Amino acid sequence: VNAPSHVGEPECDEDCRTDKLSKTQRKRMRRKLIQQEKQPPPPPVDVAADRKESCQQNSTPQPIKSEDQHSKLSKLQTAFRDRLLGSRFRLLNEELYTSPSQASFKRFRAQPELFEQYHEGFRHQVKQWPVNPVDAIHDWICHRFLNKKAKKITLPLVVADFGCGDAMLAQKLMQSTKKDLLRVHSFDLVSPKGNPKLVTCCDIANLPLKENCVDIGVFCLALMGTNLPDFIREAHRVLTKNGILKIAEVQSRFASTAATGGDEQETNQTPKANRKSKKKKPEDALLKKFLDVMSELGFRNTQMDRSNKMFFMMEFVKNGQSPRKDVEFTAKPCIYKRR
């Protein structure tokens, strides 16, 4: 019995009809048709679902491939980020200069993220300086104490960085070929996340060091706070008899103005002929007062480097006197203009 011609039979012309096939060919065709009938039918196609999925794929926004647009967006984001960092840095900087160190220590210990925010802004400021005083102090230590021609010193040479920030001085000294001759202590309000073991968190007016154990003490832009004499008294306590205190500070903190100019600011109403006569002239009155205060706190100035337009480099040794406890002094705060 031949299979019905409408069931799975391939379309063909009249020359391909089964009545013209041989018996063997008809058997083969019958087997194929039976096998096709036994196979399960294909799953029904959900046309509506396919259309919905296709619409969703077409409506999905594709990522922008233009490198120019991506770079413009990155520059804009970077500009906003830098501006926010700068604003946050200026506020924290002003607070550190106008608050006692005890208050700053408590606040930064309670909110250690402020330390990271401050120093991220500080690093941005340092990039704009022609010279980093940390590099100058590092070179001074290496040239004076680690040079072959250096005078004989008691080893290891103990260095204490008061207000170290990211402890860059310690990191640079530890990269020296003569790092085995050094022992470096770094102190600041908070231990940074990157080097928690490198920095000891403390109030630098109360150092966790024994008396007469430090050969070189360093204040690199670290005389921040309204209780500056407390820092100097503590440095005097931990320095050895022949110890050296190295201070790097911003010149504007010790700059005063001539009496003729006063603190008056020049205005547009000031006649041009008189503007030159009222131009502010830097004086050393405040710097001299600072040196007098250092003398009362037990230190004698041995060197003053004013070659840099931005920073003083001062060197002190003990003068044999005990620091007075009633001395008070506050240098000008280094406050950036708010924008």
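Scroll up to find the structure this text is about.
Every chain's residues receive numbers from 1 upward, in the order its sequence appears when written. Under the rules for a predicted model, residues below a pLDDT of 70 receive no local features and side-chain atom pairs below 80 are neither given nor counted, while totals for whole chains, interfaces and linings still include all residues. As a rule here, side-chain values come from all non-hydrogen atoms in the structure, and water together with hydrogens is ignored.

K.L.:
How should I be thinking about the overall build of the protein in this particular structure?
P.N.:
The way it works is that DSSP assigns letters per residue, a run of H or I at least four long becomes a helix, a run of E at least two long becomes a strand, and they are numbered from the N terminus. Helix and strand counts for the protein come out as ten helices and nine strands. Out of the 339 residues in the protein, the part that is buried amounts to 35%. Only heavy atoms enter the contact rule, under which two residues are in contact if any of them lie within 4.5 Å. The contacts in the protein between residues at least 6 apart in sequence include a share of 74% that link residues at least 24 apart. Using a 1.4 Å probe, accessible areas were evaluated by the Shrake-Rupley method; residue-level cover was limited to the displayed protein chains. Here the protein has roughly 22,800 Å² of accessible surface; of this, 51% comes from carbon and sulfur atoms. Remark: exposure states derive from per-residue accessible area (1.4 Å probe, protein chains only) relative to the maximum for the residue type, with buried under 20%, exposed over 50%, and partly exposed in between.

K.L.:
Help me out: how do you make sense of the packing of aromatic side chains in this one?
P.N.:
Pairs of aromatic rings are described using the distance from one ring centre to the other and the angle between the two planes. Stacked, edge-to-face and tilted are the three classes for Phe, Tyr and Trp ring pairs, Trp counted by its six-membered ring, which pair at centre distances within 6.5 Å; planes under 30 degrees apart are stacked, over 60 edge-to-face, the rest tilted. Summed over all chains, the structure comprises eleven aromatic pairs. Ring geometry for Phe 162 and Phe 187: centres 6.4 Å apart, planes at 20°, overall stacked. One end of the pair, Phe 162, is in strand β1 (residues 157–162); the other, Phe 187, is in strand β2 (residues 182–188), with 25 residues separating them in the sequence. Residue classification places Phe 162 among the buried positions, given a relative accessible area of 1%. Measuring from centroid to centroid gives 4.9 Å for Phe 162 and Phe 219, while their planes differ by 45°, and the two rings are tilted. Placement of the pair is Phe 162 in strand β1 and Phe 219 in strand β4 (residues 214–220), with a sequence separation of 57 residues. Accessibility assignment for this pair places Phe 162 and Phe 219 in one class, buried. Here the aromatic residues Phe 89, Tyr 118, Phe 122, Trp 129 and Phe 311 are joined through ring pairs into a cluster of three or more.

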